[in-house]
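# Structural description and commentary
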Amino acid sequence: MRVSSVLDGKLDLAALTPGTLVAERFEVEDRIAGGGGRVFRAQDRVTGARVALKILPGRPSEELFEEFSALGALRHPGIAAPVAFGWISQGHGKAGQAFVATEWVEGENLARRLLRQPLDLSQSLVLMRSVAEALAALHQRGLGHRGIKPSHLLLQGGQIEQVVLLDAGLPLGTLAVRTATFTEEVGGALEYTAPEQARGERRVGPEADVFALGCVLHECLTGAPPFTGRSAAVVLARILCEDAPSLRMLRPEMPESVERLLGQMLAKEPHERLRDGEAVLAALSAVTGALAQRVMVPGPAPPAPLGLEQRLVSILLTTPCMTEEGWVLPDLQGPEGMEERLAACRDELQHLLRPYGGRVDCLATGSILATLAPLGCTAADQAVQSARAALVLQQRLPGSTVALTMGRGVVAGHLALAEVVQQAVDLLLEGEIAAAGEGDRPRIWLDALTAGLLEGRYRVRRTSERPIELEGAWDDPDAPRLLLGRPAPYVGREQELSTLEMLYDACAGDEVARAVLVLAPSGTGKSRLRQELVRRLQRRGERMQVLIGRGDLMRAGTAYGLLSQALLGLWEEEAPAEGPRDLGEAGLRAWFAERVGRHVPRAERSRVVEFLGEMCGFPSPDEPSAQLRAARQEPRLMNLRVAEAWVTFLRAECARAPVLLVLEDLHWSDAATIRLVDVALRELAERPLLVMALARSEVKELFPRLWEGRSVQELHLAGLGRKASERLVYEMLGERATPDVVARLVRQAGGNALFLEELIRAAAEGAGTAAGEALPETVLAMLQARFLRLESGARRVLRAASVFGETFWRGGVQELLGLEEHHGEELDRWLMGLMSGEVIVRQSVSRFPGETQYAFRHQLLRDAAYALLRAEDRMLGHRAAARYLERMGETDGLVLAEHHRRGGLW
């Protein structure tokens with residue numbers, strides 16, 4: 001069936017007109033695909049029959065042409081029969097583009113039919129059976145379609161039961177995905193692509209056809225395929241990461257058996273799907289049999305009211321990293337095959353980003369997509385993790401630009417994150433346009449939310465002409481935090497500073513070891529308090545040694561993590577301001593040995609350097625001592641020797657000058673660090689040592705007997721007072737600080753210094769509504785991350801309560817959540833936990849007799865909880881709230897009207 005390619009001269013496909021000959025055999029009659037399509041109606045001059053002539057993109061492999069040729073032996077009424085294939089000659093013996101010819105079938109394709117008239121359930125099942133029969137015939141012979149979509153399903157004579165598969169065996173669907181870029185409009189078979197195809201895999205089995213057919217069935221029943229979006233990257237991301245929309249949520253009247261069938265066809269993993277066309281036929285028979293006998297199968301329980309929540313999600317999206325030869329990582333060692341290279345690429349990147357809580361997918365567009373949605377950390381922590389991951393990704397993929405965005409995605413099995421991915425797509429396109437003509441220097445672009453959360457932690461570049469760019473981490477982590485481009489004044493902490501100054505004076509003057517534990521929520525200003533104390537002592541001319549160990553979420557629990565960082569941090573203190581700072585491993589090891597042993601008595605120097613080197617990851621390159629060899633065999637002995645070396649080092653430092661040991665974010669510390677500090681406080685009780693530990697309140701749960709029996713003073717940082725907050729606003733905003741603006745910002749911040757800074761920044765940028773009540777996304781994100789550390793039941797209570805506003809009632813929450821009376825104790829437990837966590841308060845007087853009335857402790861908390869609701873949950877929640885308030889006798893018509901409006905009833 002192969003056709004000779006004897007047409008001389010380069011063929012201009014755009015100029016194909018009626019009468020043009022292709023390979024001498026086919027005479028073009030008309031173009032039948034609109035736009036840039038390359039499908040023509042032609043006449044076979046050998047048989048006189050009409051054929052569909054298709055010019056294929058790219059250069060298909062011989063293997064695929066062999067598969068197309070094998071279709072010639074398969075005669076099935078539901079498959080358009082192949083006629084011929086070959087290459088169009090470009091002259092001088094060169095083969096040009098490939099073409100195929102299949103039999104011409106008259107009819108209307110399903111895509112046009114669905115635009116003109118939808119199908120009902122019965123018609124959809126009949127259609128599925130016909131297509132499944134054709135696919136079964138293909139799959140039984142080891143063949144596949146790989147491009148199932150409505151436009152490839154032709155209804156002969158417009159009859160649903162007489163459907164014909166077009167383009168069977170051609171690589172059109174796969175190639176359309178591989179050549180799509182993340183900036184292109186979605187088209188072709190992209191919305192019907194199986195997850196394994198979305199990852200760029202070429203060797204796909206019959207399960208890919210089953211997935212595509214499931215997408216077609218979903219479209220027939222709901223009017224749209226399950227995975228759509230404004231760009232190719234978004235569609236592929238949804239296919240890989242999101243669950244398909246629930247059929248019965250969209251069409252409640254649909255039988256549960258049909259929803260179950262769709263679930264079997266749209267499973268993410270091939271092995272969890274119906275395996276082939278024959279399996280689909282069997283499943284369809286079970287569904288139609290149950291429907292014919294009117295067998296009622298209980299459906300799944302409806303989702304709990306307000307049960308779906310939004311979560312902070314970070315997205316990393318790169319520019320394409322794939323060549324014609326496949327996915328390429330620099331210096332990637334491994335097999336040369338496309339599938340093997342793809343797997344190696346994905347596995348290596350997944351390994352690199354695993355410490356940051358990231359999931360990595362290689363999209364068929366050639367881009368890398370990483371998603372991070374960690375629980376139990378603050379929004380700022382998540383932004384820092386994401387920034388680190390972006391830097392790691394860019395370093396491994398030199399030449400690739402990365403977009404980093406953060407937003408809210410719905411949590412329901414998989415993550416629904418289409419909007420956040422689209423933000424990344426738009427950011428890459430915006431950056432590409434803005435940086436045009438500046439060379440190919442790779443960049444990391446940030447959205448405004450991520451950039452705001454990184455302020456003071458990473459260097460970000462803001463200009464009016466281009467997106468925000470991440471330039472890297474601050475060289476000096478103690479550099480003053482900038483607000484509106486200048487250092488923010490330090491206000492409202494004079495009493496705490498005086499207390500810390502007196503503690504230091506007592507340690508230094510009386511030569512006694514003490515510890516102070518500074519406890520405060522995130523954003524209250526613990527680190528700034530420590531910075532101001534050190535600056536104040538330095539201005540006094542104090543001769544002291546400051547050791548600073550900073551806790552890190554990524555290294556939480558690492559043995560001796562904070563103390564090893566405190567020792568290695570001495571290099572930053574002593575490194576030259578100019579000249580090379582990277583000494584290399586040998587140079588850094590030599591510096592470490594010199595600095596650690598600088599004040600230690602000569603007789604003990606080698607032992608201290610050796611064991612503190614073990615603690616800090618600097619094992620001696622020389623032959624280890626007998627003590628070290630023995631300790632390496634026995635963990636308990638190693639801990640003892642390290643403790644002895646640590647105490648000896650501190651004793652020597654204290655003999656020279658008072659030592660201030662700062663442990664920031666102690667809640668991310670480890671038991672070994674806690675133990676060594678305890679040993680130091682005990683053994684150096686008569687030395688000038690002050691341990692200043694900064695932590696969130698959960699540190700006492702993580703380390704319940706923290707330095708018990710030592711001289712430890714707790715200092716609880718309260719929120720900024722009104723006058724201090726007002727002073728900060730006036731000083732930063734200047735003439736823009738009208739009394740109304742100042743009062744609003746102070747009220748919204750509620751004493752949280754970090755919130756107040758973000759509100760000042762938003763006010764300076766002119767953000768907010770006319771009433772000035774809009775909250776910056778950074779503040780909402782910080783509060784929402786705090787909520788995500790609560791148990792799921794408490795989070796549902798918060799979302800339901802937020803529908804009512806700042807004030808709510810126990811019975812109203814119970815009604816919105818659909819809880820039965822026997823769940824009352826559980827509801828009370830959740831409410832009690834929220835009160836203990838200082839999120840809500842119980843009020844002594846209730847507007848409704850017999851109902852317990854609660855209120856959010858702050859408007860910020862209510863707004864953050866409300867923003868976690870999906871749009872549809874908000875609407876349903878306001879409807880339920882209106883019913884509850886009417887039943888309770890609410891007399892304020894404006895309140896009821898507002899709930900009716902937000903519930904879509906007006």
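From a predicted model like this one, the values you see are computed outputs, not experimental measurements. Residue indices begin from 1 for each chain and proceed along its sequence in written order. Reporting in this predicted model follows two pLDDT cut-offs: at least 70 for local features of residues, and 80 or more for side-chain atom pairs to be given and counted; totals over whole chains, interfaces and linings ignore these cut-offs and use all residues. Side-chain descriptors were evaluated using all non-hydrogen atoms of the structure, hydrogens and water having been removed beforehand.

## With respect to the overall build of the protein
Selection rule: Starting at the N terminus, helices and strands are each numbered in turn, a helix being any DSSP run of H or I of at least four residues and a strand any DSSP run of E of at least two. For the exposure calls, accessible area comes from a 1.4 Å probe over protein chains only, and a residue counts as buried if that area is under 20% of its type's maximum, exposed if over 50%, partly exposed in between. Any two residues whose heavy atoms approach within 4.5 Å at even a single point are treated as in contact. Note on areas: Shrake-Rupley with a 1.4 Å probe; residue coverage comes only from the protein chains shown.
The secondary structure content of the protein amounts to 33 helices and 29 strands. Scored against the burial criterion, the 906 residues of the protein give a buried share of 54%. Of the contacts made within the protein by residues no fewer than 6 positions apart, 70% connect residues no fewer than 24 positions apart. For the protein, the accessible surface area stands at approximately 40,000 Å², while carbon and sulfur atoms represent 50% of it.

## Remarks on the nonpolar core
For clarity, the threshold we go by: The nonpolar core is taken to be a set of buried Ala, Val, Leu, Ile, Met, Phe, Trp, Tyr and Cys residues, with the residues joined through side-chain atoms within 4.5 Å.
Among the nonpolar cores identified, the biggest contains 100 residues, and Leu316, Ile368, Leu446, Val729, Ile760, Phe808 and Ile840 are the most heavily contacted of them. In terms of residue count, helix α12 (residues 379-396) provides more of this core than any other element does, eight residues in total. For Ile760, the residues in contact, after removing those within four places along its chain, are Leu483, Leu484, Leu728, Val729, Met732, Leu733 and Leu745. Ala233, Leu262, Leu284 and Ile315 belong to the second-largest nonpolar core, a separate cluster that totals 81 residues.

## So, the sheet that holds strand β24 (residues 659-664)
Selection criterion: Whether two strands pair depends on DSSP finding at least two bridges between them. Interaxial angles span 0 to 180 degrees and are taken between N-to-C directions of axes, which are lines fitted to C-alpha atoms, for helices over the stretch in contact.
Ordered in space as β23-β24-β25-β22-β26, the five strands form an open sheet in which the pairing is parallel. The open sheet has two edge strands with one neighbour each: β23 (545-550) and β26 (712-716). For this sheet, the mean angle separating the axes of adjacent strands, direction not counted, is 15 degrees. Here six bridges tie strand β22 (residues 514-519) to strand β25 (residues 689-695), and the two strands are oriented parallel to one another.

## A look at the pairing of strand β18 (residues 458-461)
Each regular strand shows side chains that alternate between the opposite faces of the sheet. Alternating positions in β18 separate cleanly, Tyr458 and Val460 being buried on one face and Arg459 and Arg461 remaining unburied on the opposite face. Relative to strand β19 (residues 468-473), β18 is paired through four bridges, and the arrangement is antiparallel. Its bridge partner being in β19, Tyr458 is matched across the sheet by Ala473. Here β18 folds back onto β19 in antiparallel fashion, the turn holding six residues.

## Here's the deal with the confidence of the model for the protein
Note: predicted coordinates in regions of low pLDDT should not be interpreted at a detailed level. Where we set the bar: The predictor rates its confidence in each residue with pLDDT, a number between 0 and 100.
The pLDDT averaged across the protein works out to 83; a share of 85% of its residues lies at or above 70. Low pLDDT, under 50, characterises residues 1-14; the stretch is placed with 42 contacts to residues that sit more than four places away or in other chains. Note on residues 171-187: pLDDT under 50 across the span, and 47 contacts to partners over four residues away in sequence or across chains.

## Considerations on helix α25 (residues 739-749)
For α25, the set of buried residues is Val741, Val742, Arg744, Leu745, Val746, Gln748 and Ala749. Looking at the residues trailing α25, positive phi occurs at Gly750, about 60 degrees.

## Some words on the sheet that holds strand β9 (residues 163-165)
Here three strands make up an open sheet; going across it, the order is β7-β8-β9 and the pairing antiparallel. Among the strands making up the open sheet, the edge pair consists of β7 (107-109) and β9. Each strand of the sheet is rotated relative to its neighbour by a mean of 35 degrees, with strand direction disregarded. In the sheet, strand β8 (residues 153-156) pairs with β9 via three bridges, with the strands oriented antiparallel. Residue pairing for β9: Leu155 is matched across the bridge by Val163.

## Observations regarding the packing of aromatic side chains
Convention followed: Stacked, tilted and edge-to-face are the three classes assigned to paired rings of Phe, Tyr and Trp, where Trp is represented by its six-membered ring and a pair needs centres within 6.5 Å; plane angles under 30 degrees give stacked, over 60 edge-to-face, the rest tilted.
Under the definition given, this model contains eight aromatic pairs. Relative to Trp809, the ring of Phe804 has its centre 5.9 Å away and its plane inclined at 85 degrees; by these criteria the two rings are edge-to-face. Note on Phe808 and Phe856: the rings are 5.5 Å apart at their centroids and 55 degrees apart in plane angle, and the pair reads as tilted. A residue pair is termed long-range when its members are at least 10 positions apart, and Phe808 in strand β27 (residues 807-809) and Phe856 in strand β29 (residues 853-856) qualify at 48 residues. Here Phe808 falls in the buried class, since its relative accessible area comes to 1%. Its relative accessible area of 4% is what places Phe856 among the buried residues.

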